[in-house]
Amino acid sequence: MVNAPLPILPLQILFLNLVTDVFPALALSVGEGNPDIMKKPPRDPKEPIISRKSWKETFQHGATMTIAVLGALILATRWLHLPENKAVTVSFLTLALSQLWHVFNMREGTHFINNEIVRNPFIWIALLLCIGLVVMACTIPVLSEVLKITNPGFKGWLLVIGMSLVPLIAGQVLSSIKT
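Residues numbered from 1 in each chain as written. Predicted model: local features only at pLDDT ≥ 70, side-chain atom pairs only at ≥ 80, totals over all residues. Heavy atoms only, no water.

### Things to note about the overall build of the chain
Turning to step 1, where the next piece is worked out: Along the chain, the regular secondary structure elements total 6 helices and 0 strands.
Turning to step 2, where the next piece is worked out: Going from N to C terminus, the chain has its helices and strands arranged as α-α-α-α-α-α.
Turning to step 3, where the next piece is worked out: C-alpha atoms of the chain, sized along the principal axes, occupy 55 × 35 × 30 Å.
Turning to step 4, where the next piece is worked out: Relative to its 179 residues, the chain shows a buried fraction of 36%.
Turning to step 5, where the next piece is worked out: Looking at the chain alone, contacts between residues at least 24 apart form 78% of all its contacts between residues at least 6 apart. (Helix = DSSP H or I, 4+ residues; strand = E, 2+ residues; numbered from the N terminus. Buried < 20%, exposed > 50% of the residue type's maximum accessible area, 1.4 Å probe, protein only. Contact = heavy atoms within 4.5 Å.)

### Quick notes on helix α2 (residues 52-79)
Along an α-helix, residues three or four apart share an orientation, since each turn contains 3.6 residues.
Turning to step 1, where the next piece is worked out: Its 28 residues give α2 an end-to-end C-alpha distance of 39 Å, which sits within 8% of 40 Å, the value for a rise of 1.5 Å per residue.
Turning to step 2, where the next piece is worked out: Among all positions of α2, only H61, T64, M65, A68, V69, G71, A72, L73 and A76 are buried. (Expected span 1.5 Å × (residues − 1).)

### Side note on the pattern of salt bridges
Turning to step 1, where the next piece is worked out: The final tally for this structure, using the stated rule, is 1 salt bridge.
Turning to step 2, where the next piece is worked out: One salt bridge connects E57 with K53, and the closest N-O pair in it is separated by 3.7 Å. Note that E57 and K53 are positioned in helix α2 at a spacing of 4 residues, about one turn of the helix.
Turning to step 3, where the next piece is worked out: A relative accessible area of 53% means that K53 is categorised as exposed. (Salt bridge = Lys/Arg side-chain N within 4 Å of Asp/Glu carboxyl O.)

### Some remarks on the packing of helix α1 (residues 10-29) against helix α3 (residues 84-101)
Turning to step 1, where the next piece is worked out: It is the contact of α1 with α3, at a shortest axis distance of 9 Å, that shows an interaxial angle of 20°. As the angle between them shows, α1 and α3 are arranged roughly parallel. As for how α1 packs across α3, the hand of that crossing is right-handed. Contacts between α1 and α3 involve Q12, F15, L16, T20, D21 and P24 on the former and, on the latter, V88, F92, L95, A96, Q99 and L100. (Axes fitted to C-alpha atoms, helices over the stretch in contact; angles between N-to-C directions. Parallel < 35°, antiparallel > 145°, perpendicular 65-115°, else oblique. Left-handed = near helix turned anticlockwise from the far one by under 90°.)

### Quick look at the nonpolar core
Turning to step 1, where the next piece is worked out: F15, V90, F92, F104 and I123 are the most contacted members of the largest nonpolar core, which has 37 residues in total.
Turning to step 2, where the next piece is worked out: Those elements that place two or more of their residues in this core are α1, α2, α3, α4 (121-139) and α6 (153-178).
Turning to step 3, where the next piece is worked out: Here this core takes 9 residues from α3, the largest share from any one element. (Core = buried A, V, L, I, M, F, W, Y, C linked by side-chain atoms within 4.5 Å.)

### Re the side chain of Q12
Turning to step 1, where the next piece is worked out: Tracing the backbone shows Q12 in helix α1.
Turning to step 2, where the next piece is worked out: Residue class for Q12 comes out buried when judged on its relative accessible area of 0%.
Turning to step 3, where the next piece is worked out: Not counting residues up to four positions away in its chain, the partners in contact with Q12 are P7, V88, F92, L147, K148 and I149.

### Comments concerning unusual backbone geometry
Turning to step 1, where the next piece is worked out: Its identity is not glycine, yet H81 carries a phi of approximately 55°, on the positive side.
Turning to step 2, where the next piece is worked out: Relative to the helices and strands, H81 is located in the loop between α2 and α3.
Turning to step 3, where the next piece is worked out: Even without being glycine, K148 reaches a positive phi, approximately 55°.
Turning to step 4, where the next piece is worked out: One can find K148 in the loop between α5 (141-147) and α6.

### Concerning the packing of aromatic side chains
Turning to step 1, where the next piece is worked out: On inspection of all chains with the given rule, the structure shows 2 aromatic pairs.
Turning to step 2, where the next piece is worked out: When the centroid spacing of 6.1 Å and the interplanar angle of 45° are considered together, the rings of F15 and F92 count as tilted. Of this pair, F15 sits in helix α1 while F92 sits in helix α3, placing them 77 residues apart in sequence.
Turning to step 3, where the next piece is worked out: Note on F15: relative accessible area 13%, which makes it buried. (Phe/Tyr/Trp six-rings, centres within 6.5 Å; stacked < 30°, edge-to-face > 60°.)

Spelled out as structure tokens, the structure:
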């Protein structure tokens, strides 16, 4: 893929930083949290703030998102034969949605269906808000022109949804293996 397009453009990155990072993070911060947190002993001050396990998990989640986004771009161009602007839109949307679904990988050792994140109503509000903003970016002409995105079409949206779920599924599999 020597002449491959950039999977995400600079303004798209800024948009994602503002939309898909902020609202879910705020929603997580107002969640109920672990009721047993105060029963745990304090962290050893000599211990690093970010543990080796956390670095490993961060790398794994980042790698699966990268694979999903680049895979979506390749499939959009080679399998669906989408033009460059639609293929880049597919990778942009794949990253946007995979970042939103990633909030469900932030649980610790509890069941996927019934946990503090799923029960947090602010998570659902944040997800709906973010999805609405992403869809608006695709449909409002001024936003879509600035962000250089376009409607990827039905097959493009199917690809986006499928590929954006890859990091969520991988995160859940890795989490179930560890517990």
